[in-house]
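If you want the building blocks of each chain, they are given just below.
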2 protein chains.
Amino acid sequence: MTISGKLTENAVILDKQAIEELFNTSFYGRPRDDRLEVSLIESAYLIYIGKIKVEFQGKELDFNQFFLKASLLVKNFELLYITYKDLRERGYFIQPAVTGFRVYPRGGHPGKTPAEFFVFVTSERIPLPLSDLRTHLDTVENLKKRLVLAIVDEESDITYYEVKKTIPSGTYELKLDRLKSTASLLEDRVMVWDPDTSSVLHNEGFFGKPMDEGHLQLSLVESCYLLEKGILDIEQRNHTKLDFDDFSRIASDIESDFMIKLAVYRTLRNNGLVPKTGFKFGTHFRVYKSFEEISKLPHSDYLVHAIDNNHVFSLQQLSRAVRLANSVRKEMIYGVADSNVDFIIIGRMRL
Amino acid sequence: MTISGKLTENAVILDKQAIEELFNTSFYGRPRDDRLEVSLIESAYLIYIGKIKVEFQGKELDFNQFFLKASLLVKNFELLYITYKDLRERGYFIQPAVTGFRVYPRGGHPGKTPAEFFVFVTSERIPLPLSDLRTHLDTVENLKKRLVLAIVDEESDITYYEVKKTIPSGTYELKLDRLKSTASLLEDRVMVWDPDTSSVLHNEGFFGKPMDEGHLQLSLVESCYLLEKGILDIEQRNHTKLDFDDFSRIASDIESDFMIKLAVYRTLRNNGLVPKTGFKFGTHFRVYKSFEEISKLPHSDYLVHAIDNNHVFSLQQLSRAVRLANSVRKEMIYGVADSNVDFIIIGRMRL
């Protein structure tokens with residue numbers, strides 16, 4: 001039976017009978033006094049599946065007319081609608097909220113269980129500031145829910161990502177004493193000339209890349225980390241010795257994001273992980289959870305990209321990063337360098 | 001036997017004997033009158049393998065001293081040196097040029113065959129303007145060589161990419177007449193309300209994504225292409241009809257790169273290809289070489305990203321794009337929208 005309702009400013013109001021037929025069995029809308037208030041998104045779907053008819057100013061609106069009207073009233077209505085429809089058709093019960101949905105776990109529903117997910121819906125072409133993502137993360141954490149990002153592409157396909165805070169850690173312990181040789185800062189990398197030092201750094205700490213037998217090239221972050229730890233001395237080509245401040249100033253001129261990379265690198269190392277360049281994967285680092293010896297190198301576990309607090313995600317780039325990481329069986333993590341470094345892990349999700 | 005030479009401003013000069021021992025057999029350096037002139041890169045390598053000794057102002061320079069000196073004289077010396085060494089050790093004969101190397105094919109060498117590759121060496125952290133890449137492409141085209149991009153990452157690993165001009169083409173022929181229904185431009189996509197029109201567009205042209213039975217959502221580029229071709233009429237939510245100029249103006253406000261995307265989309269369609277969104281791959285389009293019917297959809301063949309003439313490649317992003325494309329067995333193509341659209345294909349290369 002089709003139930004009739006009226007479009008008000010931003011919801012459809014249905015009679016008492018709807019509470020029984022639409023809410024009690026299928027959890028559409030919210031009972032208000034002795035009526036059922038149904039959001040525009042739910043209403044469009046209920047019109048589509050023939051459950052309700054909606055009148056506005058004495059005339060019935062068909063799906064097309066209702067959709068056009070709702071699209072003018074609700075920001076991102078199309079995105080929200082197709083995501084709602086997709087989730088509903090996957091068998092989830094959903095309560096619409098302002099920027100997304102509270103989604104109940106399979107088998108759960110309002111009144112029985114708390115919602116499990118908060119699904120934030122956006123379009124591939126809307127840049128996503130990290131600060132917004134963090135606000136969502138804090139909100140869902142307080143509500144003890146899981147954050148899902150539903151990104152709708154230009155052809156209306158939806159990709160779901162789960163976003164979580166994480167603290168990556170590993171089992172590697174750095175046990176290097178002060179080494180007695182001095183390395184040279186060349187144009188944009190550092191060369192260790194002494195064969196013993198090269199060997200110790202590479203074989204015990206997985207630092208650098210051997211240029212040949214006896215010479216080791218270190219990246220700027222590796223060098224600066226070793227310098228800061230007091231393990232290695234570094235000088236310029238004219239033999240001027242460099243301290244941490246000198247070195248990081250020069251390195252920042254070469255790589256504008258050097259300081260955030262270093263902060264993330266240092267935190268990863270301090271957490272027992274071994275970061276190496278992730279260039280081939282298009283990220284700052286690939287990261288190993290354990291390292292015993294160079295000849296038994298496992299596959300790396302994470303791809304980590306260092307960002308700062310002002311970062312704005314391009315969802316196209318985020319999508320590419322996560323897809324690439326997953327295609328090589330790694331997890332994609334963003335390291336946010338602020339006064340502390342914290343980490344956000346983002347993965348495709350099959351709902 | 002170790003041959004002695006002298007460092008001049010930007011080369012090492014060796015006696016006549018070197019022509020026989022280093023050039024005639026192994027093609028190091030270039031004979032000048034009755035001496036052999038060897039570049040600093042080649043010289044560093046020859047010192048390393050113990051073939052030559054080099055004097056400067058009456059004193060012999062060891063590898064370390066020579067390397068530091070050369071690194072001050074030649075821009076990107078370290079990058080060039082490690083790439084030279086890598087190629088040489090893979091068995092190639094090489095002639096250094098200013099920004100890279102002419103590399104002879106396997107089994108070939110100077111005097112016997114022309115060089116096959118021009119290898120342009122750069123660092124992952126140096127942005128690469130499209131205009132520079134085009135200059136290289138034009139140069140190698142005139143010389144009938146193949147362009148190789150050697151990108152050295154921060155830990156001195158080298159990744160080789162081959163870059164080529166290409167004209168992608170496919171076998172799909174669009175045979176749609178003017179359709180009689182009018183679609184609506186919603187917030188950032190277009191909705192076709194008429195079930196027959198939806199079906200024809202999707203099943204015969206692989207346009208859009210069905211929102212449900214009867215309604216089709218089109219992307220902005222798809223809609224604009226159909227509007228331009230006179231196949232579909234589009235109106236705003238208030239029923240104002242839109243012409244090509246109106247539509248493309250609105251679409252450009254939504255997507256700042258809309259016009260270059262449209263130019264590339266149009267060229268791909270005109271070339272018999274079927275482009276769909278490449279969002280999941282982090283590019284503008286995934287592209288099918290053939291399309292017969294929607295139920296027999298093959299895998300797509302290319303990932304295509306639209307750029308304009310002023311594009312500057314981030315090599316990290318380029319690396320990620322190529323790697324992702326190859327991991328899903330597609331080729332990565334950049335479509336450059338200028339007065340014409342032309343295409344550049346970039347792929348990993350195993351030398």
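Residue numbers restart at each chain and count upward from 1, following the sequence in its written direction. Just so you know, chain letters begin at A and ligand numbers begin at 1, following the order they were written in. This being a predicted model, a pLDDT of at least 70 is required before a residue's local features are given, and a value of 80 or more before pairs of side-chain atoms are given or counted; all residues contribute to the totals for chains, interfaces and linings.

**Q** Can you tell me about the sheet that holds strand β9 (residues 117–123) of chain B, naming the residues and giving the values?
**A** All names here are of chain B. A pair of strands counts as paired when DSSP detects no fewer than two bridges linking them. Secondary structure follows DSSP: runs of H or I at least 4 residues long count as helices, runs of E at least 2 residues long count as strands, and numbering of each begins at the N terminus. Spatially, β7-β8-β9-β11-β12-β24-β23-β21-β20-β19 is the arrangement adopted by the 10 strands of the open sheet, whose pairing is mixed. Each of the sheet's edge strands pairs with one partner strand only, and the pair in question is β7 (94–96) and β19 (274–278). The mean inter-strand angle of the sheet, taken between neighbouring strand axes irrespective of direction, is 30 degrees. Sheet analysis places strand β23 (residues 331–337) next to strand β24 (residues 341–348), joined by six bridges and oriented antiparallel. From the neighbouring strand, Gly335 faces β24, where its bridge partner is Phe343. Whether two residues are in contact is decided by their C-beta atoms, placed from the backbone, lying within 7 Å. Every axis corresponds to a line fitted to the C-alpha atoms, with the helix fit spanning only the stretch in contact, and the corresponding angles, defined between N-to-C directions, vary from 0 to 180 degrees. Along the sheet, helix α9 (residues 258–270) makes contact with β19, β20 (283–288), β21 (302–308), β23 and β24, crossing β21 at roughly 135 degrees. Contacts from helix α10 (residues 315–327) reach β11 (146–152), β12 (158–166), β20, β21, β23 and β24, with the element oriented near 75 degrees to β24.

**Q** With reference to specific residues and values, describe the interface of chain B and chain A.
**A** Counting residues at the interface gives 45 residues for chain B and 45 residues for chain A. Of all elements in the fold, only α3 (63–73), α4 (77–89), β15 (209–212), β19 and α10 of chain B reach the threshold of two or more residues within the side of chain B that touches chain A. The leading source of residues in the side of chain B that touches chain A is α10(B), at seven residues. Residue type decides the class: Asp, Glu, Lys and Arg count as charged, Ala, Val, Leu, Ile, Met, Phe, Trp, Tyr, Cys and Pro as nonpolar, and the leftover types, Gly among them, as polar. Tallied by class, residues from the side of chain B that touches chain A come to 11 nonpolar, 16 polar and 18 charged.

**Q** Just give me the short version of the sheet that holds strand β7 (residues 94–96) of chain A, but keep the residues and values in it.
**A** Residue and element names in this part refer to chain A. Pairing in this open sheet of 10 strands is mixed, and the strands run β7-β8-β9-β11-β12-β24-β23-β21-β20-β19 from one edge to the other. The open sheet has two edge strands with one neighbour each: β7 and β19 (274–277). Between one strand axis and the next, the sheet turns by 30 degrees as a mean value, whatever way the strands run. Here helix α10 (residues 315–327) sits on the sheet in contact with β11 (146–152), β12 (158–166), β21 (302–308), β23 (331–337) and β24 (341–348), set at roughly 75 degrees to β24.

**Q** Just give me the short version of helix α7 (residues 220–228) of chain B, but keep the residues and values in it.
**A** All names here are of chain B. Once C-beta atoms are placed from the backbone, each residue is buried if 20 or more other C-beta atoms lie within 10 Å of its own, exposed if 12 or fewer, and partly exposed for counts between those two. Across the nine residues of α7, eight count as buried, placing the element largely inside the fold. Taken together, the buried positions of α7 are Leu220, Val221, Glu222, Ser223, Cys224, Tyr225, Leu226 and Leu227. Those residues of α7 that are buried lie in contact with β13 (182–185), β14 (190–192), β16 (215–218), β17 (233–235), α8 (244–254) and α9. Immediately beyond the C-terminal end of α7, within one or two residues, lies Gly230, with a positive phi of roughly 75 degrees.

**Q** Give me the packing of α10(A) against α10(B): which residues, what numbers.
**A** Between α10(A) and α10(B), whose axes approach to 10 Å, the crossing angle comes to 50 degrees. Of the possible angle classes, the one that applies to α10(A) and α10(B) is oblique. When you trace α10(A) past α10(B), the crossing you get is left-handed. Contacts between α10(A) and α10(B) involve A:Arg320, A:Arg323, A:Leu324 and A:Ser327 from the former and B:Arg320, B:Arg323, B:Leu324 and B:Ser327 from the latter. Convention used here: angles under 35 degrees read as roughly parallel, angles over 145 as roughly antiparallel, angles from 65 to 115 as roughly perpendicular, and any remaining angle as oblique. Take the far helix as the reference: if the near one is turned anticlockwise from it by less than a right angle, the crossing is left-handed, and if turned clockwise, right-handed.

**Q** Break down α4(B) for me, citing the residues and quoting the values.
**A** Between its first and last C-alpha, α4(B) extends 18 Å over 13 residues, near the 18 Å set by a 1.5 Å rise per residue. Looking at the residues trailing α4(B), positive phi occurs at B:Gly91, about 95 degrees. Given the number of residues in a helix, its expected span is that number minus one, multiplied by 1.5 Å.

**Q** Describe in detail the nonpolar core, supporting the description with residues and values.
**A** By convention in this section, buried Ala, Val, Leu, Ile, Met, Phe, Trp, Tyr and Cys residues joined through C-beta atoms within 7 Å make up a nonpolar core. Within the largest apolar cluster, 202 residues are counted, with the highest numbers of intra-cluster contacts made by A:Ala44, A:Val103, A:Val119, B:Ala44, B:Val103 and B:Val119. Discounting chain neighbours no more than four positions away, the residues touching A:Val103 are A:Leu87, A:Tyr92, A:Ile94, A:Ala115, A:Glu116, A:Phe117 and A:Val119.

**Q** Describe unusual backbone geometry, and please don't skip the residues or the numbers.
**A** Even without a glycine there, the phi angle at A:His239 is positive, about 75 degrees. The topology assignment puts A:His239 in the loop between β17 (233–235) and β18 (241–242). The phi dihedral of B:Arg329 is positive, around 55 degrees, even though this residue is not glycine. Mapped onto the elements, B:Arg329 comes out in the loop between α10 and β23. Judged by the 9 C-beta atoms lying within 10 Å of it, B:Arg329 falls in the exposed class.

**Q** Lay out the packing of helix α7 (residues 220–228) of chain A against helix α9 (residues 258–270) of chain A in plain terms, naming residues and giving numbers.
**A** Residue and element names in this part refer to chain A. Relative to each other, α7 and α9 sit at 60 degrees, their axes nearing to 10 Å. At the point where α7 passes α9, the crossing takes the right-handed sense. Residues Leu220, Val221, Cys224 and Tyr225 of α7 pack against Phe258, Lys261, Leu262, Tyr265, Arg266 and Arg269 of α9. Residues of the contact of α7 with α9, tallied by class, amount to seven nonpolar, no polar and three charged.

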